[in-house]
Amino acid sequence: MNNKANSLSFSMPGKHRAVMTVIAVLAIIVFAGGGCSMVAPDHPQATGEIRKHVLHSNIVNDNYDIYVRLPVGYDSASTTPYPVIFQLDVNLGILDEFNVTAGHVSSMEKNLEIPSTIVVGIGYPYNEGPGKGRLRDYTIPIENDSVTIGATGGSPAFYQFIKSELIPFIKEHYPIADRNKRALFGHSLGGLFATYAFTQRDSTSPIGGFVAASPSLWFDGGTIYKYLDSLSIRHVSDTCLLYMTMGDLEGPSMNIYFDDFCSKLKAHGFPGVRFSSVKYNTDHLGTISPSFRDGIIWLFNHGMGGAL
Amino acid sequence: MKLNLITAMSLVIASAFSSLAITDSIPSKYITAGLYGCYGFSGYQAYGAGADVTNAWRIWNHKLTSGTFDAGFIAGYQREPFSQANSILNGAEALGAGHRIEGLLTIGSTAYIPPSRRILCGVGVFGGWAHIIMRGYFSNSRYNISGDYKADKGVWASGIDAHFGVRATDRISIVARSLVPLPYAPVPVTSYLIALLGVTIDFHKQHI
């Protein structure tokens, strides 16, 4: 072996070279496989047409980018109105939640598991700081002196925007079905808003189904519980579907709030409410795709879409 | 004389310090053992320790630089207290911690560069098992909520391994190392990044 450092030399016994070659090839195979799984998304590709609208809200005093995914074979003159899913966090960085839901809907339509369904994504035409729009719109008013970065507490106004401005706009442009075939999907703070929207149900509620994935029930020390209490005295009996999920790796605060909230919901037995909760063995981001996928299945199996 | 742990460590370190001068060359084959302090980040911070053993073969030897092919194993542990979330829980409290352990095979290459091949830098890949054991407790007296929390998960972990160091002597180096898991795995299990800082000792299998 040449041990003198007087030239560029690659000197190694043949058996060592063979061992290192085998190790290097195995490593390439293993990491190439890992790289492929990194590149592949965890949801199907969305099909159909996607249209974009910019909608100004006088209630919130802000603009929204509204993305509307229309199913393959969409008929604007259809006499059978389409079920519709309203999706939050459309354009929050890499989370891509609109395409997650649109992808799962596309796949299930193709497999004839659900009827043709419109997906409406509610996004923001800007991307300032840590999600300025979602922090304002998805959070409930603070009652326990929580300190936050940016404006919060806009859930009531955002709910009214959806009820009084967005849904009428969508109905004007697309043949969507009534409240019993409309759902709202949200994850994290979006899940908190979906939970809040559920607690606002009354005889005029515009949406009959909710999927709250990994909801941030910890916000402001659990103030969402006050809205659950107020729902219990409102004596509403219209049909409502609620599907909640959590990742069991999301830590004690997320999980214990979730367990307690679900048990209180079940124990109360709200008339007309059909409820289900699921936990996944994953973290906060890992619940997005399975929650929306399983939420779609559960909602349509419990009457959202009607018979195919 | 009964050898205790401190005495044994002293003997090992003394033998490694047999020559304080640094030789401007790298052995053709050697084994490195290292002890590190660990820092992990998964959205929250974790601290712990790690140890590794690496077999190195010199594969190039130029006038100014040398390089090795390395194959080894690294084991690590980090503790991530749940109390880090308490500042946003507004009066509620989370107790306990997540305990993260890793057993990873590593392969890569290290270059030794001037002056005197004192600086070392290397890159490689790792693959192995990462496991999180989470045990805690949460309470919110405002709404009378409380409960024990428990979760476990293990995953295959793979990613990029990079290290940089300085040879203090022929056998002892101070090394900073980072392990970046790729592709995406549940972050509480693998964390976004594990950074290590420690000391390695070379045991020369073949003299220079």
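Rules used throughout
Residues numbered from 1 in each chain as written. Chains lettered and ligands numbered in written order. Predicted model: local features only at pLDDT ≥ 70, side-chain atom pairs only at ≥ 80, totals over all residues. Heavy atoms only, no water. Helix = DSSP H or I, 4+ residues; strand = E, 2+ residues; numbered from the N terminus. Buried < 20%, exposed > 50% of the residue type's maximum accessible area, 1.4 Å probe, protein only. Contact = heavy atoms within 4.5 Å. Areas by Shrake-Rupley, 256 points an atom, 1.4 Å probe, with all protein chains shown as cover. Patch = residues over 30% accessible without salt bridge, like charges linked within 9 Å, V, L, I, M, F, W, Y side chains within 5 Å. Salt bridge = Lys/Arg side-chain N within 4 Å of Asp/Glu carboxyl O. Pairing = 2+ DSSP bridges. Disulfide = S-S within 2.5 Å. Axes fitted to C-alpha atoms, helices over the stretch in contact; angles between N-to-C directions. Core = buried A, V, L, I, M, F, W, Y, C linked by side-chain atoms within 4.5 Å. Phe/Tyr/Trp six-rings, centres within 6.5 Å; stacked < 30°, edge-to-face > 60°. pLDDT = per-residue confidence, 0-100. Parallel < 35°, antiparallel > 145°, perpendicular 65-115°, else oblique. Left-handed = near helix turned anticlockwise from the far one by under 90°. Nonpolar A, V, L, I, M, F, W, Y, C, P; charged D, E, K, R; others polar. Expected span 1.5 Å × (residues − 1).

### Concerning the overall build of chain A
Looking only at helices and strands, chain A has 8 helices and 8 strands in total. Among the 308 residues that make up chain A, the fraction classed as buried is 56%. A sequence separation of at least 24 residues applies to 74% of the contacts in chain A between residues at least 6 apart. Working note: accessible area of chain A is about 12,900 Å², and carbon and sulfur atoms make up 56% of it.

### Comments concerning a nonpolar patch on the surface
A surface patch of nonpolar side chains, amounting to about 330 Å² of accessible area, comprises A:L285, B:F41, B:Y192 and B:L193. You can call B:F41 partly exposed: its relative accessible area is 33%.

### Things to note about the pairing of strand β7 (residues 172–181) of chain B
Pairing of strand β6 (residues 145–167) of chain B with β7(B), which is carried by 9 bridges, proceeds in the antiparallel orientation. Note on β7(B): the bridge partner recorded for B:I160 is B:V180.

### Concerning the state of the cysteines
Residues and elements named next belong to chain A. Tallying each qualifying case throughout the model produces 0 disulfides over all chains. Free cysteine: C262, not disulfide-bonded; nearest cysteine sulfur from C240 at 14 Å. By relative accessible area, which is 3% here, C262 ends up buried.

### Some words on the sheet that holds strand β6 (residues 209–213) of chain A
By definition, the strands of a sheet pair up through backbone hydrogen bonds, in either a parallel or an antiparallel sense. All names here are of chain A. One open sheet holds the 8 strands; their spatial order is β1-β2-β4-β3-β5-β6-β7-β8, and the pairing between them is mixed. Only two strands of the sheet have a single partner each, and these edge strands are β1 (49–57) and β8 (273–280). Direction aside, the axes of adjacent strands within the sheet are offset by 15° on average. As defined by bridge partners, strand β3 (residues 84–87) adjoins strand β5 (residues 182–187) across 4 bridges and the pair is classed as parallel. In the sheet register, I85 faces β5, and the bridge partner there is A183.

### So, the nonpolar core
All names here are of chain A. One finds I118, F158, I170, F193 and M244 to be the most contacted residues of the largest nonpolar core, which totals 89 residues. The element that contributes the greatest number of residues to this core is helix α4 (residues 155–173), accounting for 8 residues. Beyond its immediate stretch of four places on either side in the chain, F158 contacts V60, Y64, L88, I122, Y124, D137, Y138 and F193. Counting 24 residues, the second largest nonpolar core, distinct from the first, contains L95, I114, V119 and M304.

### What to know about the packing of aromatic side chains
With the rule as written, the count across this model stands at 25 aromatic pairs over all chains. When the ring of B:F41 is compared with that of B:Y192, the centres are 6.3 Å apart and the planes differ by 35°; the resulting orientation is tilted. Taken as a pair, B:F41 in strand β1 (residues 29–41) and B:Y192 in the loop between α2 (187–190) and β8 (193–206) lie far apart in primary sequence, 151 residues in all. Measuring from centroid to centroid gives 6.1 Å for B:W57 and B:F69, while their planes differ by 40°, and the two rings are tilted. Taken together, the residues span a long stretch of sequence, with B:W57 in strand β2 (residues 45–61) and B:F69 in strand β3 (residues 66–81) at a distance of 12 residues. Here B:W57 matches B:F69 in class, with each residue buried. The rings of A:Y64, A:Y124, A:Y138, A:F158, A:Y159, A:F161, A:F193, A:Y196 and A:Y227 are connected pair by pair, giving a single aromatic cluster.

### Structural notes on the confidence of the model for chain A
Residue and element names in this part refer to chain A. Averaged over every residue, the pLDDT of chain A is 86; the share at 70 or more is 84%. For chain A, the element scoring lowest by mean pLDDT is helix α1 (residues 14–39), at 57; β3 scores highest, at 98. Confidence drops under pLDDT 50 across residues 1–10; counting only partners more than four residues distant or on other chains, this segment forms 28 contacts. Long-range and interchain partners of residues 35–39, a stretch whose pLDDT sits below 50, account for 3 contacts in this model, where long-range means more than four residues apart.

### A closer look at the packing of helix α2 (residues 97–110) of chain A against helix α8 (residues 288–301) of chain A
Residue and element names in this part refer to chain A. Two elements in contact, α2 and α8, have axes separated by 9 Å at closest approach and are oriented at 40°. Judged by the angle between their axes, α2 and α8 are oblique. Judged by the sense of rotation from one axis to the other, the crossing of α2 with α8 is right-handed. Note on element contacts: α8 touches α2 through I288, S289, F292, R293, I296 and I297, opposite E97, V100, T101, H104, V105 and M108. Each residue belonging to the contact of α2 with α8 can be placed in one class, and the counts come to 7 nonpolar, 3 polar and 2 charged.

### Some details on unusual backbone geometry
Residues and elements named next belong to chain A. The backbone of L112 sits at a positive phi, close to 60°, despite the residue not being glycine. Its place among the elements puts L112 in the loop between α2 and β4 (118–123). Of note, the phi angle at S214 is positive, near 45°, even though the residue is not glycine. Secondary-structure assignment places S214 in the loop between β6 and α6 (224–232).

### So, α8(A)
Residues and elements named next belong to chain A. Compared with an ideal rise of 1.5 Å per residue, which puts 14 residues at 20 Å, α8 spans 20 Å between its outermost C-alpha atoms and is within 8% of the ideal. Extensive coverage of α8 is indicated by the burial of 11 of its 14 residues. Inspection of α8 places I288, S289, P290, S291, F292, D294, G295, I296, W298, L299 and F300 among the buried residues, and these make up the whole buried set. Looking at the packing, one finds that the buried side of α8 touches β3, α2, β5, β6, β7 (240–247) and β8. Directly beyond the C-terminal end of α8, a positive phi value near 105° is found at G303.

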